[in-house]
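What follows is each chain in one-letter form.
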Amino acid sequence: MSLRLAATGAATSTYSPGITSTASSQTVGVTAAFVGAVCADNALLSLLTDSMSGSFTTSCAGATSSISLTGTLTWSDLSTSTYTISSFTRETVSGHSVAHYSGTVDTGSAHYAGKQIDLLKIRLAAQLTACFSGGSVTSSAGTDIVQISG
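Calculation criteria
- Residues numbered from 1 in each chain as written.
- Predicted model: local features only at pLDDT ≥ 70, side-chain atom pairs only at ≥ 80, totals over all residues.
- Heavy atoms only, no water.
- Helix = DSSP H or I, 4+ residues; strand = E, 2+ residues; numbered from the N terminus.
- Buried < 20%, exposed > 50% of the residue type's maximum accessible area, 1.4 Å probe, protein only.
- Phe/Tyr/Trp six-rings, centres within 6.5 Å; stacked < 30°, edge-to-face > 60°.
- Lys NZ or Arg CZ within 6 Å of the ring centre and 35° of its normal.

1. A short note on unusual backbone geometry
The peptide bond linking S16 to P17 adopts the cis configuration, its omega dihedral lying at 20°. Mapped onto the secondary structure, P17 falls in strand β1 (residues 3–19). A positive phi angle, near 50°, is found at S66, a position not held by glycine. Tracing the backbone through its elements, the reader meets S66 in strand β4 (residues 65–75). Since its relative accessible area comes to 55%, S66 is described here as exposed. Here Y112, not a glycine, exhibits a phi torsion of approximately 65°, which is positive. Here Y112 lies in the loop between β6 (96–105) and β7 (116–125).

2. Thoughts on the packing of aromatic side chains
Taken as a whole, this structure holds 3 aromatic pairs when the rule is applied. For the ring pair F56 and F88, a centre distance of 6.1 Å and an interplane angle of 25° mean the geometry is stacked. Of the two residues, F56 is situated in strand β3 (residues 42–58) and F88 in strand β5 (residues 80–93); the sequence distance between them amounts to 32 residues. As far as burial versus exposure is concerned, F56 and F88 are alike and both buried. Centre to centre, the rings of W75 and Y112 are 5.7 Å apart; their planes meet at 55°, and the pair counts as tilted. Here W75, found in strand β4, pairs with Y112, found in the loop between β6 and β7; they are 37 residues apart in sequence, far enough to count as distant. In this structure W75 comes out as buried when scored by relative accessible area, which is 0%. Grouping aromatic residues by their ring pairs yields a cluster made of F56, F88 and Y101. Above the plane of the ring of Y101 lies K121, whose end atom (NZ or CZ) is 5.8 Å from the centre.

Following this line, the structure appears as structure tokens:
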């Protein structure tokens, strides 16, 4: 499998109504910005941003289920590629999480249609003790790693 892109960027996530110690449905929005994320197979093309949104059911330390997530990559030529997430795993400790999302770039996208996309999202909870003291986590910031292959 050929590596097309591997990029690291700064990201933020928002959760509504907020992740608590009790499992509930969450609407999630993620934005990530990339600098110098040049594609391995096209030196004239680079990734500028990734925006992902959708929903899932989760709690501070519990499993994540009912995942429905899609995203949009914006490229340096100002075109976009959309993708759909098909699998998800996450490890959480005290509200901090490392999540692996995997999916496929959608047919009709400007670049890499049909290719595999993997995203590693590393998040530190903005409200460190909120989950375990009766509050909720409504946002987090961290690093996103995007890889496109195939």
